[in-house]
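Working through the structure, step by step
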Amino acid sequence: MSKSLVIVESPAKAKTINKYLGKDYEVEASFGHIMDLPKRDIGVELENRTFVPTLIVSPDKEKVVARLKKMAQKADAVYLAPDPDREGEAIAAHLSMQLMPVVKDKSRIRRVTFNEITQKAVRAAFEHARDVDENLVDAQQTRRVLDRIVGYQISPLLWDKVRRGLSAGRVQTVAVRLIVERERQIQEFKPVEYWPIDAIIEVNQGGKSGGEPLLVTARFIGIDGERAKVEGASAPSVGSEKEAREIIEATTAATWSVASVDRKERRSNPYPPFITSTLQQQAAGRLGFSVKRTMGVAQRLYEGVDLGAEGSAGLITYMRTDSTRIAPEAIAAVREYIGKKIGNQYMPAQPNAYRSKKDAQDAHEAIRPTDPGLHPNKVRRYLSDEQYRLYKLIWQRFVASQMVPAIYDVTTIDIDAKNKKTYNFRVSGSILKFDGYLKIYETDDDDEEELPEIPDGARLTLATPEHLSGIAEQDRAAKIAHARKKYDIEVAKIQARNEEAGPGDKIEEIPRFEEPQIEIASRPSAVHAVQKFTEPPARYNEASLVKELEERGIGRPSTYASIITTIQDREYVTKIPPTGRSGRFFPTEIGTVVTNLLVENFPYIFDTQYTAKLEEELDEIEEGREKWTDLLKGFYGHFEEELKSAEKHMENVKRMEKPTDEKCDLCGSPLVLKWGKFGTFYACSAYAKEKPVPIAAAGWKKEPKKVLSKVEAKLKYPMLVKTTENDESTTVEVKDKTELKTAIENAVGSGRKVSVEQVSCGFTKEHFAGKPDLQSGDTQNGVPPEEYCENCGKVMVLRRGPFGAYMACPDYNADPPCKTVRRLSQKQQQKPAVPLDEKCPKCGKQLVLRSGSYGEFVSCSGYPKCKYIKQNLIEGLKCPKCGEGDIAERKARTGNVFWGCTRYPKCDFTSNLKPVAQTCPQCGSPYVVERVVDGGLYLVCPNNKEMMPRRRSKKGQTAADAQNAIDCHFSERIGDAPAPAPTPMPTAATHGPVVEEEQPVG
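These notes cover the structure that comes with them.

Calculation criteria
Residues numbered from 1 in each chain as written. Predicted model: local features only at pLDDT ≥ 70, side-chain atom pairs only at ≥ 80, totals over all residues. Heavy atoms only, no water. Axes fitted to C-alpha atoms, helices over the stretch in contact; angles between N-to-C directions. Helix = DSSP H or I, 4+ residues; strand = E, 2+ residues; numbered from the N terminus. Parallel < 35°, antiparallel > 145°, perpendicular 65-115°, else oblique. Left-handed = near helix turned anticlockwise from the far one by under 90°. Contact = heavy atoms within 4.5 Å. Polar contact = N/O pair within 3.5 Å; in protein donor to acceptor, adjacent residues only side chain to side chain. Salt bridge = Lys/Arg side-chain N within 4 Å of Asp/Glu carboxyl O. Buried < 20%, exposed > 50% of the residue type's maximum accessible area, 1.4 Å probe, protein only. Arc of directions from axis to C-beta. Patch = residues over 30% accessible without salt bridge, like charges linked within 9 Å, V, L, I, M, F, W, Y side chains within 5 Å. Areas by Shrake-Rupley, 256 points an atom, 1.4 Å probe, with all protein chains shown as cover. Lys, Arg positive; Asp, Glu negative; His and termini not counted. Charge placed at Lys NZ, Arg CZ, Asp CG, Glu CD. Pairing = 2+ DSSP bridges. Phe/Tyr/Trp six-rings, centres within 6.5 Å; stacked < 30°, edge-to-face > 60°. Lys NZ or Arg CZ within 6 Å of the ring centre and 35° of its normal. Disulfide = S-S within 2.5 Å. Core = buried A, V, L, I, M, F, W, Y, C linked by side-chain atoms within 4.5 Å. Nonpolar A, V, L, I, M, F, W, Y, C, P; charged D, E, K, R; others polar.

In this section: the packing of helix α2 (residues 62–74) against helix α3 (residues 86–99). With their axes 10 Å apart at the nearest point, α2 and α3 run at an angle of 65° to one another. By the criterion of interaxial angle, the relationship of α2 to α3 is roughly perpendicular. Like other packed secondary-structure pairs, α2 and α3 cross with a definite hand, here right-handed. Contacts between α2 and α3 involve V65, L68, K69 and A72 on the former and, on the latter, L95, Q98 and L99.

The subject of this paragraph is the side chain of T321. Checked against the element boundaries, T321 lands in the loop between β13 (312–313) and α10 (328–342). Among the polar contacts made by the side chain of T321, one reaches the main-chain amide nitrogen of S323 at a distance of 3.2 Å.

Tallied over the full model, the rule gives 38 salt bridges. The partner of D198 in a salt bridge is R219, and the shortest N-O contact between them spans 3.2 Å. Here R219 lies in strand β9 (residues 214–223) and D198 lies in strand β8 (residues 197–203), a separation of 21 residues in the sequence. A salt bridge links D385 to R389; its shortest N-O distance comes to 3.7 Å. Of this pair, D385 and R389 both sit in helix α12 (residues 385–401), separated by four residues, roughly a single helical turn. Residue classification places R389 among the partly exposed positions, given a relative accessible area of 26%. One salt-bridge network, in which partners are shared between bridges, spans R86, R556, D619 and E622.

Among the residues making up helix α4 (residues 119–127), those that are buried are A121, V122, A125 and F126. Considered in projection along α4, the buried side chains sweep an arc of 130° and stay on one side of the axis. Across α4 from its buried face, at more than 90 degrees, point the exposed residues K120 and E127. Buried positions along α4 lie against β1 (4–8), α1 (11–21), β2 (25–29) and β5 (78–80).

A contiguous patch of positive charge, built from K702, K706, K710 and K714, is present on the exposed surface. Broken down by element, the positive patch gets its largest block of residues, three residues, from helix α20 (residues 704–714). As for its position among the elements, K702 is in helix α19 (residues 697–702).

Time to look at the sheet that holds β1. Pairing in this open sheet of four strands is parallel, and the strands run β2-β1-β5-β6 from one edge to the other. In the strand order of this sheet, the two ends are held by β2 and β6 (109–111), each with one partner. Neighbour-to-neighbour, the strand axes of this sheet turn through a mean angle of 25°, independent of strand direction. One ladder, built from three bridges, connects β1 with β5; its direction is parallel. Pairing of L5 across the sheet is with V78, part of β5. The sheet strands contacting α2 are β1, β2 and β5, and the helix crosses β2 at an angle near 165°.

We now examine the side chain of S277. Within the element layout of this structure, S277 appears in helix α8 (residues 276–287). According to the relative accessible area criterion, S277 is buried, its value standing at 2%. When residues no more than four places from it in sequence are discounted, the contact partners of S277 are V546, E550 and Y560.

Bringing the packing of aromatic side chains into the picture now. Under the definition given, this model contains 18 aromatic pairs. Residues Y337 and W395 carry aromatic rings whose centres are separated by 5.5 Å and whose planes lie at 90° to one another, so their mutual orientation is edge-to-face. Of this pair, Y337 sits in helix α10 while W395 sits in helix α12; the two residues are 58 residues apart in sequence, bridging distant segments of the chain. What makes Y337 buried here is its relative accessible area of 9%. Above the face of the F513 ring, R484 is positioned so that its terminal group lies 4.0 Å from the ring centre. Taking the ring centre of Y682 as reference, the NZ or CZ of K765 above it sits at 5.5 Å.

Here the focus is the sheet that holds strand β42 (residues 936–940). Strand order in the open sheet formed by four strands is β40-β41-β42-β43, and the pairing between neighbours is antiparallel. The open sheet has two edge strands, β40 (915–916) and β43 (971–976), and neither has a second partner. As paired elements, β42 and β43 share five bridges and run antiparallel to each other. In the strand pairing of β43, V940 is matched with S971.

Under the criterion given, the structure shown has zero disulfides. Here C968 is not cross-linked by a disulfide; its sulfur's nearest cysteine counterpart is in C920, at 3.6 Å.

Turning next to the nonpolar core. One recurring pattern in soluble globular proteins is that nonpolar side chains are buried together. The biggest cluster of nonpolar side chains holds 126 residues, and the ones touching the most others in it are L390, F602 and F639. Contacts of F602, omitting those with residues within four sequence positions, involve I154, L157, F639, E642, L643, A646 and M650. Formed by 35 residues, the second largest nonpolar core is a distinct cluster that contains A228, A254, A463 and A529.

This next bit is on the packing of α8 against helix α9 (residues 291–303). Contact geometry for α8 and α9: axes closest at 9 Å, N-to-C directions at 115°. As judged from the angle between their axes, α8 and α9 are roughly perpendicular. Crossing geometry of α8 relative to α9 is assigned as right-handed. Residues T276, L279, Q280 and A283 of α8 touch α9, and the partners they reach there are V291, T294 and M295. Per-class residue counts for the contact of α8 with α9 are four nonpolar, three polar and no charged.

Here it is, written out as structure tokens:
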């Protein structure tokens, strides 16, 4: 009996849905998009302005498509169930396009969507199957065509004008522009001095004399009712030390009294449930998650997590949304949970309703748990640490959104200090009267201090010197207590490591606690002022950049993560420090140069307002109110004009040579600022650009005068006559024609290569002023950046393949697998060269340890002039094939080690086993090899066919050659096989604690 075929994007989603559908359905994964534009062609029709894209099956998806076609032929019906957004609709359309030819009844291909992966939602979706929404497909296709037009037509321009390999993105460039403009604001910012003033005042409880007084801090706000303000300062303050001292002197001798007391109740309303942008911002601020990591973890929570006996289940609703709407059944479920588990006093009489932003699409609900009764601690044992933390955050926010407000009692006391003038001070405080939604979801707001009952007109006094000394002592004690707390945490870590240590491992000693030497810093007086300066706007972090993009209407919930990832992958911006919640975006030099060029030459296309307008038009296409071709025609008209202008007028940075006041350290010539592969650098203006002139021996013997004339026509004196013989070079400097003729005459000879070069200075040095300062203390934490899988959020691992290093998800071979991989650029693979205490045997310069495509190697620091590379040689062993070269250790692309002749490619001798400089006692082979067999380490003759691994015959080898080969049986055991590296035992730090009982979530 045939079954219905259901196609989703990922194996994890397939596994979850399969549980709900039963045996009459087969659920398969397409592993994302199956069709795209061709890589080596723009793939968009531009000549007739039809903008029709040429879609092809992605080369890596041909086997997937073939398998799905075979299954669709036999299926009763085909249900397309990718995610419920534009990308998912496009995947469904492409699947339909490929499967239509093999399905006899076209009406059997249907589209199903669900906002959450639960049994009820999945079954309801199949009951309301529909056709593919062409408007959604058009919106996605329009975005793809827009990005392809911009990328494919601007990128070659950047290759020609700046550097090969650069690319431009329609939305990404605007995001980089925001970061570059913020950096410019910071560089141009001029700080303004300001002096905030505060006073420590004694307040008697109830305004009565006697009893222990309470000390409160009052802030200066103005004089005679006029607010004190310094431009750029957030708090009331004065602009100079002179003004501050005058106020301090006057208020110290003033009469202090209460001018007014204002008491009122303040209600703090709960926050709406998460949408994509607010989830990304809160996860960055509270959990330290990057935007990419947040979306990866959320994707896995949405697609389904294995909950033991219950099977796989989706824990949250779809996580790409900009609507705060909640389904009525979800509201009923959370209100029931609040009433039973938290208390009826926390449940409002009517459900809380929240407004979505003006341009929200409202296609999906807000992000919420699929079952509010599924407390985070109930499922903690089944979740990874990052999954638990994110699910807990989503669960708390949703439950809190349907609770009553928190209530505070707020007291504001205005105080007057009268001395000729009236100096106004203010002190505020609040206490939490009813926690409301804060019982579940804590905010970032700090509560103010609680104030005593003080009647209007009460007389006040300033704190005494004894009180000020007491406050200073309390501050010192708090700092020491903080140091003690840090010490206790470090001791706990050391104890945990010692408990996990195995036999033979070194046990760490617990250091003694040394109390920090902190002096008691007492205030000079009760009224005090501190000099401060206004600060520039903060650089963007991931959370604030997402907020800025959302407020400006740039991008959509599904694109924020890819925007931030792309601008970092292209090395247009860098995040410092690379991990944690404190990371800030710095524009790189190449990012600044490219952005400035694009904004200057494409002012309309890369304008923030125009980019936001395009997003609104894409929404209109999705809703069927605008044709996709109309949008593209309007866009391409502006773009084509700006592209033609840019081709003529864009500055050629590649050929830039700007004069500077710097002097060359070698020859004293002026330095010029040039552009190279990694940005700007200083180069000596005496550097010669003329190519060397080769001297042919036959031509010199026949017509030496003609050769000399040719050299003098191309080069100027002084010159260098360079002679190369047996890979060794010598040079002779000549100053006139006579010396040149003599030098060439002496150089030309049998087997020698002779050339004449222009004498030049190749001095260069770094241009640090053009690059962001990444060496300050707050930007360096010594921790390499972690990269997270965009599908499941796990920390990706570095692997090596046939084509170099790449990042891969640790679940690459899990069930279900996560096939996320990312190639690394050559620059990302390299590490800074490490100087060694060893000199180059060729030129005498220092040797350095470098990192290359095949691993680490030692070479001369004078590269490229000196190309010496130190090799790990087998001492005492010459190549057994040619007898001239040495045998050196090498590394293949895959990372495997082998040994080969140093005269390669002239000699192709290689061995996968390590050769040993020892003659075989039986057959006289000039070497033997080390091999591990049956747990032992053996010396084996390479002619021992029984113990040597089988090798394929070499090209040109005949059967007669194989028959005449020497057959030797020598082998000798020399020790035990090396033990494999031990696998660390799982710990609570790596696998998390198991918590089954329900506990309050705070």
